[in-house]
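If you want the building blocks of each chain, they are given just below.
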Amino acid sequence: MGFNGWIIFAYKIPSEPSSIRVRVWRNLKSIGVHYIQQSVCICPNTKELLKRLKKLELLIVENGGEITLLEVEKLSKKSEETILEEFNQERTLEYQEFIEESEKFLNEIENETKKANFSFREIEENEVELRRLKNWLIKIKKRDFFQCQLQKQAITRIEECEKTFDNFTEKVYRSEGIT
């Protein structure tokens, strides 16, 4: 990912209503920022992230809060190494959880295949779960600014899930006499 330095985003939000604090926190986490301390986070400086943070700035200010947004060209070598490592640790945890959930998906299809439970209901159920996994991976990849080592494994796993689902669907069609 090409980025031009860093954005440091510090904010203060009134304690009430708490829903605004939660909304801001959830937005920042979905963007993929890294908290360096309470209410102070950092992320790569890209046009897209800057645009999303400016939008969040409006929400904070409209609700009586304050923000400081700093565009920093360079961090010290040690700080940057630490920050990059921490970003990748956060993504590693997300990818690990994704891989575990995709393993459950594969096990579910394996169990249904062993039971020869080839029904349209199972296609629908597994299709919903596969869509959920795909959307989740898209979100993780979007905030994986530095291509965490587990990214390739997660991509391979979703491809395995898609292939397994397609094979299962074909078995359902055959059992229903559709193909």
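On a predicted model such as this, the values are computed, not experimentally measured, just so you know.

Here we look at the side chain of R91
And then number 1: Along the chain, R91 falls in helix α3 (residues 77-114).
And then number 2: Judged by its relative accessible area of 5%, R91 falls in the buried class.
And then number 3: When sequence neighbours within four positions are dropped, the list of residues in contact with R91 reads G32, I140, R143, D144 and C148.

Regarding the environment of S175
And then number 1: With respect to the element layout, S175 can be found in helix α5 (residues 151-175).
And then number 2: Along the sequence, S175 and E160 sit 15 residues apart, while their C-alpha atoms lie 23 Å from each other.

Digging into the packing of aromatic side chains
And then number 1: Inspection of every chain in the model, using the stated rule, returns 8 aromatic pairs.
And then number 2: Ring centres 5.4 Å apart and planes at 70° place the aromatic pair F87 and F146 in the edge-to-face group. Here the residue F87 occupies a position in helix α3, and F146 occupies one in the loop between α4 (120-142) and α5, the gap between them amounting to 59 residues.
And then number 3: A relative accessible area of 1% means that F87 is categorised as buried.
And then number 4: What makes F146 buried here is its relative accessible area of 17%.
And then number 5: Ring geometry for F118 and F168: centres 5.7 Å apart, planes at 50°, overall tilted.

What counts, and where the lines are drawn
- Residues numbered from 1 in each chain as written.
- Predicted model: local features only at pLDDT ≥ 70, side-chain atom pairs only at ≥ 80, totals over all residues.
- Heavy atoms only, no water.
- Helix = DSSP H or I, 4+ residues; strand = E, 2+ residues; numbered from the N terminus.
- Buried < 20%, exposed > 50% of the residue type's maximum accessible area, 1.4 Å probe, protein only.
- Contact = heavy atoms within 4.5 Å.
- Phe/Tyr/Trp six-rings, centres within 6.5 Å; stacked < 30°, edge-to-face > 60°.

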